[in-house]
Amino acid sequence: MRTTKRSLLSLSRTTGRFTSAARVLPSFLIAGAQRCGTTSLYRALAQHPLLLKPVLHKGVHYFDVAYWRGMSWYQGHFPLRVGAALLTHRYGHRPQAYESSPYYLFHPLAGQRIAADLPGVKLIVLVRDPVERACSAHAHELARGYETESHFERALELEEERLAGAEELLRTSPHALHHSHRHHAYLARGRYADQLDRLEPLFGRDRMLVLDSHRFFAEPETAYDRVLEFLGMPHLGYPVFERYNRRSLPRPVPRTLAGRLRDHFEPWDARLVRWLDGEPSWRR
């Protein structure tokens, strides 16, 4: 079954590459953060008839780990222009394609690549309590087999050593991959303000929308309205909102550790106020 699926995906990618010039490019990207509700938002937006998801799968991961494949490979993942033209005629509004790759926010070169190859593209970023995000990411990577340390606190202790030299490697060797930078950055990925500040000079504040994922799940209609307004898309009714990729923690985080982590993230959380137009929900 897996072999058949891989064969079909390979065939679809080959077909997509050969027809790439006849396909649309994305108008916006859900760029992260990991474990912050990106899949749930992606699936909600996919129910809008004028928001076109990739043909094959949610995250293309071109601008972070597959940039060497070239733009024709990337464009081959998206719907055909003829289909988009039919939708324009039907609804009287041009559709927009998109994808969701949460590593884009954290990868040191992804922003530069996106800005160069997709001029005018918009970015949507979701952020959540970074302590919860770190716990969730550890459980996620452990379940997928990318993490070998079952104790969350020990994984945090190893993070600095695991990530040492990672950014320099990725910047100096553009096609390099770094396993720990992608899978073991439990604290670093939760310092959202650093990543947003790195992207702002490339895209400008008006082309970046940052959503508090806790508020998204509490009031999905309000968040959905904000996204459509940001994209300039017509409101055609609300989708069915569901929560995807929820993963229970293997064991509760000790209260003392959670307190230390909350203190650690405080300076970065404070810098999110201007992005969220208010204090993050987890700091209230």
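Further up the page is the structure itself.
Remember, it's a predicted structure, so these values are computed and weren't measured experimentally. (Residues numbered from 1 in each chain as written. Predicted model: local features only at pLDDT ≥ 70, side-chain atom pairs only at ≥ 80, totals over all residues. Heavy atoms only, no water.)

### Examining the pattern of salt bridges
Turning to step 1, where the next piece is worked out: Under the defined criterion, the tally for this structure stands at 14 salt bridges.
Turning to step 2, where the next piece is worked out: In this structure, Arg198 and Glu167 form a salt bridge, with 3.8 Å as the shortest nitrogen-oxygen distance. One end of the pair, Arg198, is in helix α11 (residues 192-203); the other, Glu167, is in helix α9 (residues 166-172), with 31 residues separating them in the sequence.
Turning to step 3, where the next piece is worked out: According to the relative accessible area criterion, Arg198 is partly exposed, its value standing at 25%.
Turning to step 4, where the next piece is worked out: Relative accessible area serves as the criterion here: at 31%, Glu167 is assigned to the partly exposed category.
Turning to step 5, where the next piece is worked out: Put simply, Arg274 and Glu200 hold a salt bridge, and the shortest N to O gap is 2.5 Å. Of this pair, Arg274 sits in helix α15 (residues 273-276) while Glu200 sits in helix α11, and the two are 74 residues apart along the sequence.
Turning to step 6, where the next piece is worked out: Exposure remark for Arg274: the relative accessible area of 42% places this residue in the partly exposed category.
Turning to step 7, where the next piece is worked out: Through salt bridges with shared partners, a single ionic network connects Asp194, Asp197, Glu200, Arg271 and Arg274. (Salt bridge = Lys/Arg side-chain N within 4 Å of Asp/Glu carboxyl O. Helix = DSSP H or I, 4+ residues; strand = E, 2+ residues; numbered from the N terminus. Buried < 20%, exposed > 50% of the residue type's maximum accessible area, 1.4 Å probe, protein only.)

### Thoughts on the packing of helix α8 (residues 152-163) against helix α14 (residues 255-270)
Turning to step 1, where the next piece is worked out: Where α8 meets α14, the axes come as close as 11 Å, and the angle between the chain directions of the two elements is 35°. Judged by the sense of rotation from one axis to the other, the crossing of α8 with α14 is left-handed. Within the contact between the two elements, α8 uses Phe152, Glu153 and Leu156 and α14 uses Leu257, Arg260 and Leu261.
Turning to step 2, where the next piece is worked out: When the residues that make up the contact of α8 with α14 are grouped by side-chain class, the tally is four nonpolar, no polar and two charged. (Axes fitted to C-alpha atoms, helices over the stretch in contact; angles between N-to-C directions. Left-handed = near helix turned anticlockwise from the far one by under 90°. Contact = heavy atoms within 4.5 Å. Nonpolar A, V, L, I, M, F, W, Y, C, P; charged D, E, K, R; others polar.)

### Comments concerning α11
Turning to step 1, where the next piece is worked out: Across its twelve residues, α11 extends 16 Å between first and last C-alpha, which sits within 8% of the 16 Å expected from 1.5 Å per residue.
Turning to step 2, where the next piece is worked out: If you check which residues of α11 are buried, you get Tyr192, Ala193, Gln195, Leu196, Leu199 and Phe203. Looking straight down α11, one finds that the buried residues subtend no more than 150° of arc, so they occupy a single side.
Turning to step 3, where the next piece is worked out: Of the surrounding secondary structure, the elements contacted by the buried residues of α11 are α6 (110-117), β4 (122-127), α7 (130-144), β5 (208-212), α14 and α15.
Turning to step 4, where the next piece is worked out: Of the residues flanking the end of α11, it is Gly204, one or two places downstream, whose phi is positive at about 85°. (Expected span 1.5 Å × (residues − 1). Arc of directions from axis to C-beta.)

### A short note on the packing of aromatic side chains
Turning to step 1, where the next piece is worked out: As enumerated under the stated definition, the model contains 13 aromatic pairs in all.
Turning to step 2, where the next piece is worked out: With a centroid separation of 5.1 Å and an interplanar angle of 75°, the aromatic rings of Tyr74 and Phe78 are classed as edge-to-face.
Turning to step 3, where the next piece is worked out: Overall, the relative accessible area of 0% leaves Tyr74 in the buried class.
Turning to step 4, where the next piece is worked out: Judged by relative accessible area, Phe78 falls into the buried class, the value being 0%.
Turning to step 5, where the next piece is worked out: Three or more aromatic residues joined by ring pairs make a cluster, and in this case those are Tyr62, Phe63, Tyr67, Trp73, Tyr74, Phe78 and Tyr104.
Turning to step 6, where the next piece is worked out: Against the face of Phe217 rests Arg243, its NZ or CZ located 3.9 Å from the ring centre. (Phe/Tyr/Trp six-rings, centres within 6.5 Å; stacked < 30°, edge-to-face > 60°. Lys NZ or Arg CZ within 6 Å of the ring centre and 35° of its normal.)

### Some details on the side chain of Gln34
Turning to step 1, where the next piece is worked out: Following the sequence through the fold, Gln34 ends up in the loop between β1 (26-32) and α2 (38-45).
Turning to step 2, where the next piece is worked out: One polar contact links Gln34 to Glu141, side chain to side chain, over a distance of 2.9 Å.
Turning to step 3, where the next piece is worked out: Non-local contacts of Gln34, meaning those with residues more than four positions away in its chain, are made with Pro102, Arg133, Ala137, His140, Glu141 and Arg189. (Polar contact = N/O pair within 3.5 Å; in protein donor to acceptor, adjacent residues only side chain to side chain.)

### Overview of the sheet that holds strand β2 (residues 51-52)
Turning to step 1, where the next piece is worked out: The strand order β2-β3-β1-β4-β5 describes an open sheet built from five strands, whose pairing is parallel. With partners counted over all chains shown, the strands left at the sheet margins are β2 and β5, one partner each.
Turning to step 2, where the next piece is worked out: Pairing of β1 with β4 involves four bridges; the strand directions are parallel. Its bridge partner being in β4, Phe28 is matched across the sheet by Lys122.
Turning to step 3, where the next piece is worked out: Set on the sheet, helix α13 (residues 220-231) makes contact with β1, β2, β3 (96-100), β4 and β5; between it and β5 the angle comes to about 180°. (Pairing = 2+ DSSP bridges.)

### Examining the pairing of β5
Turning to step 1, where the next piece is worked out: Along β5, five of the five residues are buried, which leaves the element largely enclosed by surrounding structure.
Turning to step 2, where the next piece is worked out: Both faces of β5 are covered, namely the face carrying Met208, Val210 and Asp212 and the face carrying Leu209 and Leu211.

Any functional reading would require information that these geometric values do not contain.
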